[in-house]
Amino acid sequence: MFKQFVFLSINIFWFCQIQSANAQHDSALFEVVTSTEKASIIYDKHGSPLDSITAHLLASDIERVSGYLPKLITDLNLSSNNAIVIGNKQSALIQSFLGKDNSSNEWETYAIQVLEKPNSKIDKALVIAGSDARGTAYGVFSISEKIGVSPWYWWADVPPKKQKELVLKIENTQSKSPKVKYRGIFINDEDWGLQPWAKQTFEPETGDIGPKTYAKVFELLLRLRANSIWPAMHPSTKAFFHYPGNRKMAEKYEIVLGSSHAEPMLRNNVDEWEHDTMGDFNYFSNKKGVLDYWEDRVDEAKNVNGIYTLGMRGVHDSGMEGAKTTAGAATMLKDILKDQRALIKKHIGKPESVPQVFTVYKEVLDLYDYGLELPDDVTLMWTDDNYGYIRRLSNSEERKRSGGSGVYYHASYWGRPHDYLWLSTTHPALIREEMLKAYDTGADKIWILNVGDIKPAEYTMQFFMDLAFDPEKFREPASYKAHMLSFYQDIFGSVEGEKITAMRNAYYNLAWIRKPEFMGWSQTEPTRPTQVTEFSIKEENPARIATYQSLTAQVKKLSPTISKENQDAFFQLVSYPILGAAAMNKKYLYRDLQVYHHNTNEKEFEKYRDSVSFYHNKINELTDHYNQEIASGKWNAIMHRAPRGLPVFKLPDTTIETTNQTVETPKVEIYKAVADYDNASKFEKEFPKKLTGLGYTQNALQVASATATSKVDTTFKKNASLTYKFNFEEAIQKPQITITAIPNHPINGDQKLRLGIQIDKGDINLIDFKTSGRSETWKLNVLRNQARKSIELEELSAGKHTLTIYVIDPGVILDYFVITQSGNPIPYTLPKN
Ligand code: REL
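Only a predicted model underlies this, so the values are computations on that prediction, with no experimental measurement involved. The residue numbering used here restarts from 1 in each chain and proceeds along that chain's sequence as written. Residue-level local features of this predicted model are given only where pLDDT is at least 70; pairs of side-chain atoms are given and counted only at 80 or more, and the full residue set underlies all totals for whole chains, interfaces and linings. Where side-chain values are given, they derive from all heavy atoms of the structure, hydrogens and water being excluded.

Asker: I would appreciate a short explanation of the site of the ligand in the present structure.
Answerer: Summary of the distance rule: residues count as near a molecule or strand when at least one heavy atom falls within 4 Å of that molecule or strand. Neighbouring the ligand are 13 residues; Asp189, His261, Asp317, Tyr408 and His410 lie closest to it. Contact between the ligand and Asn188: an oxygen atom at 3.1 Å from a side-chain N or O atom of the residue. Definition of a polar contact: a pair of N or O atoms within 3.5 Å, with one able to donate and the other able to accept a hydrogen when the atoms are protein atoms, and with sequence-neighbouring residues admitted only if both atoms are side-chain atoms. In the model, an oxygen atom of the ligand is placed 2.7 Å from a nitrogen or oxygen of the Asp317 side chain. Only Asp, Glu, Lys and Arg are considered charged, only Ala, Val, Leu, Ile, Met, Phe, Trp, Tyr, Cys and Pro nonpolar, and every remaining residue, Gly among them, polar. Grouping the amino acids of the shell around the ligand by side-chain chemistry returns five nonpolar, six polar and two charged.

Shown next, in the form of structure tokens:
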């Protein structure tokens, strides 16, 4: 949805231009529907079934916009007027229009051309010719978008832009291959949305996420120019292969089928591994049972367009059964990989020519690090830490592997230290930064986004797929804002789109500081500190309430100005996530105020208690509206008010919190790494780079490119450095300098996240933001979305000082630093200076 097309509306005509890197500037008008012209659609009856599907979808799209349903033709002799011709470049049909095609082996590209009088039967042809079936589909859907049908017309009820007459201005185009080969989603944690909705509302005949639902998912993927799926896999859902229609649908839509990190060989263990009859899912004690189980699937799926997940974990998201040590698991894994590839060879063909991935999720990274020898042609699939920070990417040796690498990334997560299954709040600026880093280190084979169950991750999914298609378009740190603006303006119009983009940006910025799902500080999270500072109660809390208050007011003001047709889309894409996040925040922020006034001010206490239950009920109200009111009940059961019933979704219990002590706010000095440095020396070109949207300052500072090397040099003479000058009126005894950064991980396995910190001409102290595994520090970091490291000094005298920060490892992204007295609490957020 990047501003790829320029729409100009003149009277009743739509004139559209395709801009592509190697477009010839040769344009023509093509009348699809006018008072005198009604184009038909010709597709290749010998072509891929997807050609027929997309031809029919295009016809429906034209009808959605103009009210006219074009005739669909497979016999060239029948046409006499304007025709849209759809097919593969190598087909006889397309070659009869465009002549012989000499390009070979292009991946997912398409050409679009307008031809005058191409033959005696056709006045004018708009030819969409793909290098392969998906290439053709992407070409067709580019026309759908141009006539005003959003990829989200069905999944978010974005209304088509009605036009009685449709005339397209087409520039002859040859598109380029996507930069990332496999791009797709993982439907995960469907238990609270997609599954109950499919069961009760959309596909009751199957009672599950079945072929009818998958057809809609696959259509959406193609409209987003994606190509792959890891299907739903939780206990509430039957295995993808359980319904033969699912597989057939994937074949017809040419969607590449994979499976999650826990489900090797296209199996879905939760549903398919029957412990009572098959024994333990244990390669040590039940090798034959497990191998037969895998072989059955490879045989069944041999004609599927598949990507095989190799390796073995537990039945679901857990470590390998039967392995007592990392060494034992790693040794067994080597045999497992050999056996799995032998199955592929037996049933499909040379393993080197079948796409396979090895996903280093959670404990599997330890096995890989232990020294696992991965066959060179297997794609190494790196993963984030479930919270949007990629744990590791390829070093220079790994980059040489023929299988290349990819990334499995979360926009939704079930698990510890805390889920975020409800609202989709991962900041697009973070996705941009992490995925570009992946791309720059060679991860261009496969990108899979865990979208939870699609809604309400619509925008995130669109963003991720556009980024995967061409990361080069997102080089500018602020490019995500332009993308968002384009997305909302295309749907809601230019003025409304601009306002919505500002609101959505604020929504992501607020969730950076704390996600709505983490507001409870409860159960699976580190508990809320018992000491509450005056600053937190008197400044942070009201400031955050006020920002959400203002966002709520903006939604309420804009909502009645949105057209009737756009109301359902507005509720799904704007109101529900923003008002939901606001209600969840206010519920907890008022809870804190209620607790604060306990025993001191009964009136205030009661007022806040009422607010807490008001906002608790507000979430129920909004969710009921989503499920029952909008789009005439189409989305009944898709939205859950309390996924997994975690404490954060309950009415907070205030009695347990009343022991909070309030302490005075200590004096702190805060400096923004971005804005406040006085000098930057020896940085590579374009660095240090301000990353808009990242960090508490929303302007964190990237110190080096992703492929830079670490500079370990005890003299620090060659290291890049930043200096900050400051002045104290009074001396500080026992000062503590705390540096905050984005809680990311070293770029590759050879690096750390070190900085050298020096005050004046003193010693250089090393700090390292690297966290180990799922340590307590890592948990704290991902929940507050910030890493902190402190150094302590004896004294800082009154007068002028210089802080120098030396760059050692390239991955560090600095946010701000705080000088306070040792032992004093540091505010959660940045005080306004
Ligand atoms: O997010 C993940 O990749 C895993 O945690 C999932 O595979 C798993 O199904 C999880 O949602 C629940 O157990």
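Back to the text.
Asker: Looking at this structure, how should I read the pattern of salt bridges?
Answerer: Side chains bearing opposite charge may pair, as long as their charged atoms lie close to each other. Salt bridges are defined by distance alone: a side-chain nitrogen of Lys or Arg within 4 Å of a carboxyl oxygen of Asp or Glu. Overall, the coordinates contain 44 salt bridges when judged by the stated rule. Note that Lys238 is salt-bridged to Asp271, the shortest N-O span being 3.4 Å. Of the two residues, Lys238 sits in the loop between strand 12 (228-230) and helix 6 (244-252) while Asp271 sits in helix 7 (residues 269-272), which places them 33 residues apart along the sequence. Categorising residues by exposure relies on relative accessible area from a 1.4 Å probe, with only protein chains included: less than 20% of the type maximum marks a residue as buried, more than 50% marks it as exposed, and the intermediate range marks it as partly exposed. Owing to a relative accessible area of 35%, Lys238 belongs among the partly exposed residues under this scheme. Look at Asp271 and you get partly exposed, because its relative accessible area is 21%. Notably, a salt bridge pairs Asp592 with Arg591, separated by 2.8 Å at the nearest N-O pair. Overall, Asp592 belongs to the buried group, its relative accessible area being 12%. According to the relative accessible area criterion, Arg591 is buried, its value standing at 3%. A network of salt bridges, in which partner residues are shared, links Asp61, Arg64, Glu219 and Arg223. Secondary structure counts use DSSP, requiring at least four H or I residues in a row for a helix and at least two E residues in a row for a strand, with both numbered from the N terminus.

Asker: Teacher, can you tell me more about the domain arrangement of the protein chain here?
Answerer: When the parts come together, some accessible area is lost, and that loss is often what is quoted as the size of the interface. As assigned here, the protein chain comprises domain 1 (5-174), domain 2 (182-477), domain 3 (496-663) and domain 4 (669-821). By convention here, the domain bounds are inherited from an automatic or database domain assignment. Centre-to-centre, using C-alpha coordinates, domain 2 lies 33 Å away from domain 3. Residue contacts follow a heavy-atom distance rule, with two residues in contact if any of their heavy atoms lie within 4.5 Å. The partner domain 3 presents 35 residues to the 30 residues of domain 2 that form the contact. Simply put, the buried area is the total loss of 1.4 Å probe accessible area from both parts when two parts are fitted together. Summing both partners gives a buried area of about 3000 Å² for domain 2 against domain 3, and 65% of it is carried by carbon and sulfur. Of all residues in domain 2, Trp192, His418 and Trp422 give up the largest surface area on contact with domain 3, accounting jointly for 28% of the area buried on that side. Counting across the domain 2 and domain 3 interface gives one salt bridge. Of the charged contacts in the structure, one is a salt bridge between Asp419 and Arg644, with a shortest N-O distance of 2.6 Å. Mapped onto the side of domain 2 that touches domain 3, the elements with two or more residues apiece are helix 4 (194-202), helix 12 (428-440) and helix 13 (458-469). When its residues are assigned to classes, the side of domain 2 that touches domain 3 shows 16 nonpolar, ten polar and four charged.

Asker: Please explain the sheet that holds strand 7 (residues 110-119) as it appears in this structure.
Answerer: Hydrogen bonds between backbone groups are what pair the strands of a sheet, and the pairing can be parallel or antiparallel. Spatial strand order, 5-4-6-8-7-10: six strands in an open sheet with mixed pairing. The strands lining the two open edges of the sheet, one partner per strand, are strand 5 (72-73) and strand 10 (173-174). The pairing criterion for strands is at least two bridges between them, as found by DSSP. Here two bridges tie strand 7 to strand 10, and the two strands are oriented antiparallel to one another. Note on strand 10: the bridge partner recorded for Ile112 is Thr173.

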